[in-house]
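Residue-level structural notes
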Amino acid sequence: MRARELGRKSVVVGDRVSLVGDVSGTDGALARIVRITERRSVLRRTADDDENTAEGRLERVVVANADQLVIVSALADPPPRTGFIDRCLVAAYDADIEPLLCLTKADLAGPEQVVGYYTELELPYVLVRPDSDLDALRALLAGRVSVLVGHSGVGKSTLVNRLVPDALRAVGVVSAIGRGRHTSTSAVALRLPRTPGGDGDPGWIVDTPGIRSFGLAHVSAESLLHGFPDLVEGTVDCPPNCPHTPDEADCALDAWVTAGKADQRRLASYRRLLASRAGEGDPREVERNPGDPLAGS
């Protein structure tokens, strides 16, 4: 229960709270939340990129006090979408949470295309196969609160069940057209079990429902650029208040990319997000670009 004194202040997964009452955890025990401690990080998302729409104004707190955002993406079935990963990176940097890319189904395809796309960022990543031991991933999760996000069907719930065998998270199947079914319906914090011989804090993971899009209406246009650190230096020669759009003749980002200092696809992704913030296009629409099989959000 939540104390009346808290008013309409919401309590979300990851919040640290003070309780009064019976905190034994036994059946029938009743306790009240009387205080919510100050959050050191808040990961948010919206249903839309445009803050002028009702969906853009509807801000959802995904998790509080997370240290790390684990972006789960399959390498095949369904194929990876760097547009979605880019959105998650923007949200992570805006919340001051470290990102980690977890590439599942590594038995079906290699990681070269995805990893190559993020070469300039030196984005940490880990590969997961059905027969892998997950030791590398557990080491990256140890001692931290990590929130897992990903499209439906990428194997996130399967991964959670392997990390926490008692979790019993529902597992779905991928349809013939490469779309996953939503299996997780709510965010749940799970304590990672200690490994044999391990004496440190194994950490926590927060499993979230599979999502189709990660709206960024809560992120300012200026902060949006921070999700693309490989482009930031290229804006030094831009004129004041440069919108960085394709029709801005004096924008220095095109020359930055032409000089080979950033990937053209990264600039295209950044500008798609800018356009989506301006209400141009549907942020949930999968980009159809035959020259870039990874594009799409």
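So, here's what we can say about the structure. Owing to the predicted nature of the structure, the values given are computational and were not obtained by experimental measurement.

Helix and strand counts for the protein chain stand at nine helices and ten strands. Going through the 297 residues of the protein chain one by one, you find that 45% of them count as buried. In the protein chain, 66% of the contacts between residues at least 6 apart in sequence involve partners at least 24 apart.

Before going further, it helps to spend a moment on helix α9 (residues 264-277). Helix length check: α9 (14 residues) gives 20 Å between terminal C-alpha atoms against 20 Å at 1.5 Å per residue, within 8%. Of all the positions in α9, only Arg266, Leu267, Ser269, Tyr270, Arg271, Leu273, Leu274, Ser276 and Arg277 are classed as buried. Buried-residue contacts for α9 involve α2 (82-94), α3 (112-117), α6 (221-224), α7 (229-232) and α8 (253-258). A side-chain oxygen of the first residue of α9 lies 2.8 Å from the backbone nitrogen of arginine 265; this N-cap is aspartate 263. One or two residues past the end of α9 sits glycine 279, with phi positive at roughly 80°.

This part covers the pattern of salt bridges. Oppositely charged side chains can pair when the atoms bearing their charge come close. Evaluated as defined, the whole model comprises nine salt bridges. For arginine 144, the salt bridge goes to glutamate 98, with nearest N and O atoms at 3.1 Å. With arginine 144 in the loop between α4 (135-141) and β8 (145-149) and glutamate 98 in strand β6 (residues 98-104), the pair connects residues that are 46 residues apart, well separated along the chain. Residue class for arginine 144 comes out partly exposed when judged on its relative accessible area of 22%. The partly exposed category is assigned to glutamate 98, whose relative accessible area is 47%. Notably, a salt bridge pairs lysine 156 with aspartate 207, separated by 2.8 Å at the nearest N-O pair.

For the rest of this paragraph, the subject is the packing of aromatic side chains. In total, this model carries two aromatic pairs according to the counting rule given. Taking the centre distance of 4.6 Å and the plane angle of 90° together, the rings of tyrosine 117 and tyrosine 118 count as edge-to-face. Side by side, tyrosine 117 and tyrosine 118 carry an identical accessibility label, which is buried. Seen in terms of ring centroids, phenylalanine 228 and tyrosine 270 are 5.3 Å apart; in terms of plane orientation they differ by 55°. Their pairing is tilted. With phenylalanine 228 in the loop between α6 and α7 and tyrosine 270 in helix α9, this residue pair connects regions lying 42 residues apart in the sequence. The same class applies to phenylalanine 228 as to tyrosine 270, namely buried.

Moving on, we come to the nonpolar core. Ranked by size, the top nonpolar core spans 48 residues in total, and within it Leu43, Leu69, Val147, Leu231 and Tyr270 carry the most contacts. Residue assignment for this core shows that the elements contributing at least two residues are β4 (59-64), β5 (68-74), α2, β6, α3, β8, α8 and α9. If near-sequence neighbours (up to four positions away) are discounted, tyrosine 270 is found in contact with Ala221, Leu224, Leu225, Phe228, Leu231, His244 and Leu253. Ala74, Val128, Leu163 and Ala167 belong to the second-largest nonpolar core, a separate cluster that totals 20 residues.

Across the interface, α2 lies against α9 with an axial gap of 10 Å and an inter-helix angle of 70°. The angle between α2 and α9 falls in the class roughly perpendicular. In this structure, α2 uses Asp86, Arg87 and Val90 to contact α9, whose residues at the interface are Arg266, Ser269, Leu273 and Ser276. Across the contact of α2 with α9, the residue classes break down as two nonpolar, two polar and three charged.

About the thresholds
- Residues numbered from 1 in each chain as written.
- Predicted model: local features only at pLDDT ≥ 70, side-chain atom pairs only at ≥ 80, totals over all residues.
- Heavy atoms only, no water.
- Helix = DSSP H or I, 4+ residues; strand = E, 2+ residues; numbered from the N terminus.
- Buried < 20%, exposed > 50% of the residue type's maximum accessible area, 1.4 Å probe, protein only.
- Contact = heavy atoms within 4.5 Å.
- Expected span 1.5 Å × (residues − 1).
- Polar contact = N/O pair within 3.5 Å; in protein donor to acceptor, adjacent residues only side chain to side chain.
- Salt bridge = Lys/Arg side-chain N within 4 Å of Asp/Glu carboxyl O.
- Phe/Tyr/Trp six-rings, centres within 6.5 Å; stacked < 30°, edge-to-face > 60°.
- Core = buried A, V, L, I, M, F, W, Y, C linked by side-chain atoms within 4.5 Å.
- Axes fitted to C-alpha atoms, helices over the stretch in contact; angles between N-to-C directions.
- Parallel < 35°, antiparallel > 145°, perpendicular 65-115°, else oblique.
- Nonpolar A, V, L, I, M, F, W, Y, C, P; charged D, E, K, R; others polar.

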